[in-house]
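# A look at the structure
Below are the chains, spelled out letter by letter.
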Amino acid sequence: MPYLDFIFTLHNNSAMDYTVNTVISLISRIHSQTQELTNSMLSKHKLVSSHGFILYLLSVHEELTMGNLSKLINRNKSTTTVLIRKLIEEDLIKVGKAKNDTRKKIISLTEKGREYNSLTAAVSQNLLKSCYMDFSDEEKDTLLMLLKKMSRNLDQNE
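Residues numbered from 1 in each chain as written. Predicted model: local features only at pLDDT ≥ 70, side-chain atom pairs only at ≥ 80, totals over all residues. Heavy atoms only, no water.

All right, on to the pattern of salt bridges then. This model, assessed by the stated rule, comprises four salt bridges. Linking lysine 86 and glutamate 90 is a salt bridge whose minimum nitrogen-to-oxygen distance equals 3.2 Å. In this structure, arginine 114 and glutamate 111 form a salt bridge, with 3.5 Å as the shortest nitrogen-oxygen distance. Placement of both arginine 114 and glutamate 111 in helix H6 (residues 111-131) is noted, with a separation of three residues, approximately one turn of the helix. (Salt bridge = Lys/Arg side-chain N within 4 Å of Asp/Glu carboxyl O. Helix = DSSP H or I, 4+ residues; strand = E, 2+ residues; numbered from the N terminus.)

So this is what it looks like as structure tokens:
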């Protein structure tokens, strides 16, 4: 089987028996599934999961610079700019200049953006409910601890 066919099968075969050696494929599959579900829920509003994540981050931090936002969503600045433009067009966020450094752009939610967060919060809660079905609280905590550890390991290799 050619390598690309193998990778395609690996990512798209829900019946695959995952092992410790294919855990990254499982994580990738879960990411794709959650992104598809979130995008289908948000598409009614002409948005995708990255937009929802930006709105969530702004609800937590109130204001973010473009650079900080790019880091938090793990996207380059040009991709972040495209995402931000869509949110501005939908009147969900506004961009201003930093008080202490007018070269920096500060992004914050509009009133409409704050209201929209209730929708994204509901989408997020439904997604978590689906993901954590039949999980005990201890299993949720263990999963989080292990995924954070894996993320730290990968951060060290950057």
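Attention shifts here to the packing of helix H3 (residues 49-61) against helix H5 (residues 77-89). Two quantities define a packed helix pair, namely the angle between the helix axes and the distance between the axes. Remark: H3 packs on H5, axes separated minimally by 10 Å, with the N-to-C direction vectors making an angle of 75 degrees. By the angle between their axes, H3 is roughly perpendicular relative to H5. Two secondary-structure elements touch here, H3 through Ser50, His51, Ile54 and Leu55 and H5 through Leu83, Ile84, Lys86 and Leu87. A per-class count over the contact of H3 with H5 returns five nonpolar, two polar and one charged. (Axes fitted to C-alpha atoms, helices over the stretch in contact; angles between N-to-C directions. Parallel < 35°, antiparallel > 145°, perpendicular 65-115°, else oblique. Contact = heavy atoms within 4.5 Å. Nonpolar A, V, L, I, M, F, W, Y, C, P; charged D, E, K, R; others polar.)

Below, the discussion takes up unusual backbone geometry. Although it is not a glycine, glutamate 62 adopts a positive phi angle of roughly 70 degrees. Located in the positive-phi region is aspartate 134, a residue other than glycine, with phi close to 70 degrees.

Right, let's talk about a nonpolar patch on the surface for a bit. On the surface, a cluster of nonpolar side chains totalling about 400 Å² of accessible area is made up of Ile24, Ile27, Phe135, Leu143 and Leu147. The set of elements that each furnish at least two residues to the nonpolar patch consists of helix H2 (23-42) and helix H7 (137-156). Locating leucine 147 in the fold gives a position in helix H7. Accessibility expressed as a relative area gives 40% for leucine 147, which makes it partly exposed. (Patch = residues over 30% accessible without salt bridge, like charges linked within 9 Å, V, L, I, M, F, W, Y side chains within 5 Å. Areas by Shrake-Rupley, 256 points an atom, 1.4 Å probe, with all protein chains shown as cover. Buried < 20%, exposed > 50% of the residue type's maximum accessible area, 1.4 Å probe, protein only.)

Attention now moves to the pairing of strand S3 (residues 105-109). Extensive coverage of S3 is indicated by the burial of four of its five residues. Both strand S1 (residues 63-65) and S3 contribute to a ladder of three bridges, which runs antiparallel. The residue of S3 that forms the bridge with leucine 64 is isoleucine 107. (Pairing = 2+ DSSP bridges.)

Looking now at the packing of aromatic side chains. This structure, assessed with the given rule, holds two aromatic pairs. Look at phenylalanine 53 and tyrosine 56: their rings are 6.5 Å apart centre to centre, the planes differ by 10 degrees, and that puts the pair in the stacked class. Note that phenylalanine 53 and tyrosine 56 are positioned in helix H3 at a spacing of three residues, about one turn of the helix. Taking relative accessible area as the criterion, tyrosine 56 reaches 46% and is therefore assigned partly exposed. (Phe/Tyr/Trp six-rings, centres within 6.5 Å; stacked < 30°, edge-to-face > 60°.)

Turning our attention to the sheet that holds strand S2 (residues 93-97). With respect to topology, three strands assemble into an open sheet ordered S1-S3-S2, the strand pairing being antiparallel. Each end of this open sheet is capped by a strand with a single partner; those strands are S1 and S2. Across this sheet, the average inter-strand angle for adjacent strands is 30 degrees, counted without regard to direction. Note: S2 against S3, five bridges, orientation antiparallel. Note on S3: the bridge partner recorded for lysine 97 is lysine 105.

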